[in-house]
Amino acid sequence: MALVPFTYFILPFRVTMAMMLHDIPNNVSLGNVLTVDILTTSPNGRVYGWVDQPTLRGTWDIIWTCLVTIFICTYTLLCLNVSALTDSLFVNIRRRVVWMALAVIGPEIVLTYAVGQWSRARHSVEAFHGSGYDTWTMRMAFFADMGGFVLETSDCDPFPLNVKQLHWLVVNKHIEYPNIKNDEIWDKSKQDRLTRAITAFQIGYLVIQCIGRAAQGLAITALELNALAIVVYSLISAFAWLHKPSDVRTPMNICTQANLAAIIGERHWRNTPLDFVDENGLGWSMNVQPFMGMPVIPARRPIQRIPNDRFPMDPYGWQEYFVCFATLLFTGLHVLGWNFSFPSALKGYCGEHRVWFCSA
């Protein structure tokens, strides 16, 4: 009963005042007025006090939310390999921007590389443990396979080792087992808690907004749905890179008294002297593009960094199910937009609805 005075007296009074202030036409009935924003000003035209946001969201609000979320997510969750010491700041920024663009255009490609690196790290842990080095962890494996250790010899320029090469050198007593701890490796990572907190907040805002609008039967734009799919894929990639340090710039040097010629013998090599152990895998920049006459890495040999685009190792065990689940989830999010309303009224193969249908 306490709501009766408000319903029958105060609410009509506020709507009537709003019609007077905003010049709402007289032929518009009160039943058609959904909401009215009242802005009270002083005689000099200035606004005092708190002013609420409009109850409707505009195009810029949607674009801004989606773009900021995609940028923050791809920038902070991306874990690239250790850069060469000769790489400039511009080269590092350009490399990160390229991979960020790839994470937006083809997030499944980045996830494939991430899961492949995860597989190599798991194989490394099993190999080291099988050789009696039980203190070897996933974090150490990721750090080694991203070029975190550089071998220095007296008869060759320093070059980065991958995790298989490092294991071979340790097992054959050419170098000592790295005396390093997990905390020392993680100290090199540039991921701070504030950045991750901001990323989690922005991602949570987008996810909750999409879920809330879907629960209320409100429209979700195709841009929001696409941003949600990119965010989900980036989160899954970040899970695969959970133990990988981020944005490491300075590797650790490993010195050996043995000559490299005594280690490799008469073997020929193309990328590093330890190619006979592992060639750093086939890669796009080291194999495909040179074959096409478009090399994208410096011609200096041995190479000074482990490429980010090595073709990944096949996942095994439950990682296979992990990749399948991520692929189905990414596809399913786009399938949700099949019945969306698109601005174009074109039908047939050129219509926006048909293009979305085929792409999903």
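Here goes a summary of the coordinates provided. (Residues numbered from 1 in each chain as written. Predicted model: local features only at pLDDT ≥ 70, side-chain atom pairs only at ≥ 80, totals over all residues. Heavy atoms only, no water.)

## Some remarks on the nonpolar core
Counting 67 residues, the largest nonpolar core has Trp136, Phe149 and Leu166 as the members making the most contacts within it. If one sorts the elements of this core by residue count, helix H9 (residues 222-240) sits on top with ten residues. Setting aside its immediate chain neighbours within four residues, leucine 166 contacts Phe128, Trp136, Ala144, Phe149, Leu161, Ile175, Pro178 and Ile254. (Core = buried A, V, L, I, M, F, W, Y, C linked by side-chain atoms within 4.5 Å. Buried < 20%, exposed > 50% of the residue type's maximum accessible area, 1.4 Å probe, protein only. Helix = DSSP H or I, 4+ residues; strand = E, 2+ residues; numbered from the N terminus. Contact = heavy atoms within 4.5 Å.)

## Re the environment of threonine 153
Among the secondary structure elements, threonine 153 is positioned in strand E1 (residues 149-153). Separated by 108 residues in the primary sequence, threonine 153 and alanine 261 have C-alpha atoms spaced 9.8 Å apart. Once residues within four sequence positions are removed from consideration, threonine 153 is found in contact with Thr256, Ala258 and Leu260. There is a polar contact of 3.4 Å between the side chain of threonine 153 and the side chain of aspartate 155. (Polar contact = N/O pair within 3.5 Å; in protein donor to acceptor, adjacent residues only side chain to side chain.)

## Comments concerning the side chain of serine 83
On the secondary structure map, serine 83 appears in the loop between helix H2 (59-77) and helix H3 (89-105). Here the side chain of serine 83 touches asparagine 92 through a polar contact of 2.8 Å, side chain to side chain. Here the side chain of serine 83 touches arginine 95 through a polar contact of 3.5 Å, side chain to side chain.

## Quick notes on the packing of helix H4 (residues 107-130) against helix H5 (residues 138-145)
Running from N to C, H4 and H5 point in directions that differ by 120°, and their axes come no closer than 9 Å. On the basis of their axis angle, the class for H4 and H5 is oblique. Of the two possible hands of crossing, H4 and H5 adopt the one that is right-handed. Contacts between H4 and H5 involve Gln117, Trp118, Arg120, Ala121, Arg122, Ser124 and Val125 on the former and, on the latter, Met138, Ala141, Phe142 and Asp145. For the contact of H4 with H5, a count of residues per class yields six nonpolar, two polar and three charged. (Axes fitted to C-alpha atoms, helices over the stretch in contact; angles between N-to-C directions. Parallel < 35°, antiparallel > 145°, perpendicular 65-115°, else oblique. Left-handed = near helix turned anticlockwise from the far one by under 90°. Nonpolar A, V, L, I, M, F, W, Y, C, P; charged D, E, K, R; others polar.)

## Focus: the pattern of salt bridges
Two side chains of opposite charge can pair, provided their charged atoms sit close to one another. According to the stated counting rule, one finds six salt bridges in the structure shown. Measuring nitrogen to oxygen at the nearest pair gives 3.6 Å for the salt bridge that ties arginine 120 to aspartate 278. One end of the pair, arginine 120, is in helix H4; the other, aspartate 278, is in the loop between helix H10 (260-264) and helix H11 (284-291), with 158 residues separating them in the sequence. Taking the relative accessible area as the measure of exposure, arginine 120 reaches 11% and is therefore buried. (Salt bridge = Lys/Arg side-chain N within 4 Å of Asp/Glu carboxyl O.)

## Notes on the packing of aromatic side chains
With the rule as written, the count across this model stands at eleven aromatic pairs. Here tyrosine 133 and tyrosine 177 contribute two aromatic rings whose centre-to-centre distance is 4.8 Å and whose plane-to-plane angle is 10°, an arrangement assigned as stacked. Here the residue tyrosine 133 occupies a position in the loop between H4 and H5, and tyrosine 177 occupies one in the loop between helix H6 (163-171) and helix H7 (182-187), the gap between them amounting to 44 residues. Overall, tyrosine 133 belongs to the buried group, its relative accessible area being 18%. With 6.0 Å between their ring centres and 65° between their planes, tryptophan 136 and tyrosine 177 make a pair best called edge-to-face. Residue tryptophan 136 is found in the loop between H4 and H5, and its partner tyrosine 177 is found in the loop between H6 and H7; the two are separated by 41 residues along the sequence. The buried category is assigned to tryptophan 136, whose relative accessible area is 1%. (Phe/Tyr/Trp six-rings, centres within 6.5 Å; stacked < 30°, edge-to-face > 60°.)

## A few points about the sheet that holds strand E3 (residues 252-255)
Spatial strand order, E2-E1-E3: three strands in an open sheet with mixed pairing. Unpaired on one side and paired on the other, strand E2 (156-161) and E3 mark the two borders of the sheet. Within the sheet, the average angular offset between the axes of one strand and its neighbour, ignoring direction, is 30°. Direction of pairing for E1 relative to E2: antiparallel, over a ladder of four bridges. What sits directly across from leucine 151, in E2, is phenylalanine 159. H6 rests against E1, E2 and E3 of the sheet, and its axis sits at about 115° to E2. (Pairing = 2+ DSSP bridges.)

## A few points about the environment of lysine 244
Looking at where lysine 244 falls in the secondary structure, it is placed in the loop between H9 and E3. Of the residues examined, lysine 244 reaches a relative accessible area of 1% and is grouped as buried. Separated by 105 residues in sequence, lysine 244 and arginine 139 place their C-alpha atoms 5.9 Å apart. Those residues in contact with lysine 244 that lie beyond four places of it in its chain are Cys79, Leu80, Asn81, Gln117, Phe142, Met146 and Trp186. Within polar-contact distance, the side chain of lysine 244 engages the side chain of asparagine 81 at 3.0 Å.

## Quick word on a nonpolar patch on the surface
A cluster of nonpolar side chains, contributed by Trp60, Ile63, Trp64, Leu67 and Leu223, occupies part of the molecular surface with about 530 Å² of accessible area. With four residues, the top contributor of residues to the nonpolar patch is H2. Relative to the helices and strands, isoleucine 63 resides in helix H2. Note on isoleucine 63: relative accessible area 30%, which makes it partly exposed. (Patch = residues over 30% accessible without salt bridge, like charges linked within 9 Å, V, L, I, M, F, W, Y side chains within 5 Å. Areas by Shrake-Rupley, 256 points an atom, 1.4 Å probe, with all protein chains shown as cover.)

On their own, these measurements won't tell you what the molecule is for.
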